[in-house]
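Geometric and topological summary
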Amino acid sequence: MAQKGVQLDCEAFSCSICLDLLRDPVAIPCGHSYCMNCIQSFWDGKDEKKSHSCPQCRQTFTPRAVLVKNIMLAVLVEELKKTGLQAAPAGHCYAGPEDAACDICTGRKLKALKSCRVCLASYCEKHLQPHYESSTFEKHKLVDASKRLRENMCSRHDEVMKMFCHTDQQCICYLCSVVEHKGHDMVSAAAERTERQRELEASQQNIQQRIQDREKDVTLLQQEVEAINRSADKAAEDSDKIFTELIRVMEKRSSDVKQQVRSQQTLEVTRVKELQEKLEQEIAELQRKDIELKQFSHTEDHIEFLHNSPSLSLGESTHSSSSNVRPLRYFEDVTAAVSEVRDKLQDVLSETWTNHLLTVRDVDVLLPKPQPKTRAEFLKYSSKITLDSNTANMYLLLSEGNRRATFMKQKQFYSRHPDRFIESFQVLSRESLTGRCYWEVEMRGTGGKVAVAYKDISRAGTWTESAFGFNSKSWVLTYNNNTCSFWYNKVQTHISGPQFSRVGVYLDHSAGILSFYRICKTMTLLHRVQTTFTQPLYAGLWLYSYEDTVEFCKLK
């Protein structure tokens, strides 16, 4: 009880504006007291210029009251502070403008802790106790305190809205259901909440799944970024090494050519200088002879002239004529040869570099493209497929450019080959399938099987080892006597639907998607596989009965 008294005293000396103990208390003409700054700020914020009112009782004063500090009240507040008295405890705080107020409190209302959806009222801690203690309120629904409880009341009939009208998509009360909304599709608000809660949970699960999928995509893209960076770094490093080796080879070859040119230069210069020295010696000898002849020509004695003239005759020169000495052209040929090598190397590098740039541009670093949806989109990936006669069973006849297989009663004259199927009446394509591929198969007779398989599927094993769909190396759609099913690793999946004779097959190797479609007037999905392909695939055909024919169609 003492604590309660202290609490009442605390409330009596608190400002109803700031909810704290009075500071510089003033009393206005109606008798209520406030902090001087609080009431001044309150009046200063009002639009009224001549009259002002009390925040609690709303009494107006004209003109604005003059505020004077209440000395006695100020002394009392200071004495209370000395005793350690503070503002009301948190559990008993007054309701502010944004708070839900207790509907039971009189005078200044406390904050509400809970609201009752049955009573449509909010309660502070004190007035909430009956809901906890009395069995009368046992079935009442308590929720967090809310100022919007009245929104649950029908504005027309002032009744609690406990129903939901599907026709008008709004909450209504019982009276609305029998008057304004009579004949409408209605359920209880609780049932509608349950249904919408279920839809909300489904949406949340969908969102969470999409978040997980996107997180996986982000992780895969991050891994792809890292792989791209590693590959680019390695390619740049390897290219640098290769070009460095190429430069080293070119420098070595350049050094060899220079050495050979210089060596040949030395030999040729030595030969020419030797010839030059001999020619100079000959010139000196001829000049000496010329002087002697000039002197001899002046001999006056005719007998002496005739007697000595034979000894002055010139002998044959041991050197070729000067007309045979011409500039050497060996090194011009070297320049021409090196120029030819340069031109060829430039052509090779230019072609190789162009292919290299195309290779770089073709690196697939983009997000996966959407899967085709219409037949026109599928036909963009159409592939020409032919059958490999080396894999055909001995009872299968290939024709139409190895695009058609027919089941025959007699064995065909095929040569022995390790790739040939022995027990199973089937055949594989010559072409391997990677990337995105689409083809169509036409069946005539009782039906057939349309498959894809790895190259290393068993050929000479038992029927169950080599047959399409009875191992982990092949996937097959079977159609026999109007019965359709899908087989993989001895597991059968039945497929219902109308009859058909043409099957479309779509393969996205990198995405691990394999789809089979019924091709009639429309394109209908029969079965889709989502897996991981570890090897290139080959298209396969299987035939059931004699004279049955299965053929790869020509696609426009």
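For the structure itself, consult the block above.
Here the structure is a predicted model, which is why all the values come from computation and not from measurement. (Residues numbered from 1 in each chain as written. Predicted model: local features only at pLDDT ≥ 70, side-chain atom pairs only at ≥ 80, totals over all residues. Heavy atoms only, no water.)

In this section: the overall build of the chain. Scanning the chain from terminus to terminus reveals 10 helices and 23 strands. Relative to its 556 residues, the chain shows a buried fraction of 27%. Counting every atom, the chain has about 37,200 Å² of accessible surface; 53% of that belongs to carbon and sulfur. (Helix = DSSP H or I, 4+ residues; strand = E, 2+ residues; numbered from the N terminus. Buried < 20%, exposed > 50% of the residue type's maximum accessible area, 1.4 Å probe, protein only. Areas by Shrake-Rupley, 256 points an atom, 1.4 Å probe, with all protein chains shown as cover.)

What follows is about the layout of surface pockets. Leftover empty space is mapped by rolling, across the atoms, a probe with the size of a water molecule. Of the pockets and cavities examined, the second largest pocket occupies roughly 600 Å³. Around the second largest pocket, the lining comprises 16 residues; the ones closest to its centre are Arg 117, Met 161, Lys 162, Ala 189 and Ala 190. Here the lining of the second largest pocket gets 5 residues from one element, more than from any other, and that element is helix α6 (residues 189–297). Here the lining of the second largest pocket is composed, by residue class, of 7 nonpolar, 2 polar and 7 charged. (1 Å grid on protein atoms, 1.4 Å probe; cavity = no way out; pocket = protein on both sides within 12 Å on 5 of 7 lines; lining within 4 Å. Points joined across faces, edges and corners; volume = space filled by probe spheres on them. Nonpolar A, V, L, I, M, F, W, Y, C, P; charged D, E, K, R; others polar.)

Looking now at the pairing of strand β11 (residues 396–399). Across the two faces of β11 the burial differs, with Leu 396 and Leu 398 buried and Leu 397 and Ser 399 not buried at all. As judged from the 4 bridges shared by β11 and strand β12 (residues 404–407), these two strands associate in the antiparallel manner. Looking at β12, one finds that Leu 398 is bridged to Ala 405. What sits between the antiparallel neighbours β11 and β12 is a turn of 4 residues, in which Glu 400 has the positive phi angle 55 degrees. (Pairing = 2+ DSSP bridges.)

A few words on the pattern of salt bridges. According to the stated counting rule, one finds 24 salt bridges in the structure shown. In this structure, Lys 69 and Asp 24 form a salt bridge, with 3.4 Å as the shortest nitrogen-oxygen distance. Separated by 45 residues along the polypeptide, Lys 69 in the loop between β4 (60–61) and α3 (71–82) and Asp 24 in the loop between α1 (2–12) and β1 (25–27) bring together distant segments of the chain. Accessibility expressed as a relative area gives 37% for Lys 69, which makes it partly exposed. Relative accessible area serves as the criterion here: at 42%, Asp 24 is assigned to the partly exposed category. (Salt bridge = Lys/Arg side-chain N within 4 Å of Asp/Glu carboxyl O.)

Take the pairing of strand β15 (residues 447–454) next. The buried fraction of β15 amounts to 8 of the 8 residues, a majority that puts the element mostly inside the structure. As paired strands, β15 and strand β16 (residues 474–480) are joined by 7 bridges and run antiparallel to one another. Looking at the pairing, Val 450 lines up with Leu 477 of β16. Pairing geometry for β15 and strand β22 (residues 537–543), over 7 bridges, is antiparallel. By the bridge assignment, Tyr 454 is partnered in β22 with Leu 537.

Taking 1.5 Å per residue, 12 residues should reach 16 Å; α3 reaches 17 Å between its end C-alpha atoms and fits that length. Restricting attention to buried positions, one finds in α3 the residues Leu 73, Ala 74, Val 77 and Leu 80. Here the buried residues of α3 occupy an arc of 120 degrees about the axis, which is enough to place them on one side. In this structure, α3 carries Ile 71, Met 72 and Lys 82 as exposed residues pointing more than 90 degrees from its buried face. Packed against the buried residues of α3 are β1 and β2 (33–35). (Expected span 1.5 Å × (residues − 1). Arc of directions from axis to C-beta. Contact = heavy atoms within 4.5 Å.)

Strand order in the open sheet made by the 3 strands is β6-β5-β7, with antiparallel pairing throughout. In the strand order of this sheet, the two ends are held by β6 (121–123) and β7 (142–144), each with one partner. Strand-to-strand, the axes of this sheet are offset by a mean angle of 35 degrees, without reference to chain direction. Along the sheet, helix α4 (residues 125–133) makes contact with β5 (114–116), β6 and β7, crossing β6 at roughly 110 degrees. (Axes fitted to C-alpha atoms, helices over the stretch in contact; angles between N-to-C directions.)

Further remarks concern the sheet that holds strand β9 (residues 170–172). Sheet strands associate in pairs through backbone hydrogen bonding, adopting either a parallel or an antiparallel arrangement. Taken in spatial order, the 3 strands line up as β9-β8-β10 in an open sheet, and their pairing is antiparallel. Lying at the two open borders of the sheet, with one neighbouring strand each, are β9 and β10 (186–188). Strand-to-strand, the axes of this sheet are offset by a mean angle of 35 degrees, without reference to chain direction. Pairing between strand β8 (residues 163–165) and β10: 3 bridges, direction antiparallel. Across the sheet, the residue bridging to Met 163 is Ser 188, located in β10. Along the sheet, α6 makes contact with β8 and β10, crossing β10 at roughly 90 degrees.

This brings us to the environment of Gln 129. Along the chain, the position of Gln 129 falls in helix α4. For Gln 129, a relative accessible area of 29% gives the class partly exposed. Separated by 3.0 Å, the side chain of Gln 129 and the backbone oxygen of Glu 125 make a polar contact. (Polar contact = N/O pair within 3.5 Å; in protein donor to acceptor, adjacent residues only side chain to side chain.)

Our next topic: the side chain of Asp 508. As for its position among the elements, Asp 508 is in strand β19 (residues 502–508). At a separation of 3.2 Å, a polar atom in the side chain of Asp 508 contacts the side chain of Arg 436. Beyond its immediate stretch of four places on either side in the chain, Asp 508 contacts Gln 371, Gly 435, Arg 436 and Ile 513.

Any functional reading would require information that these geometric values do not contain.
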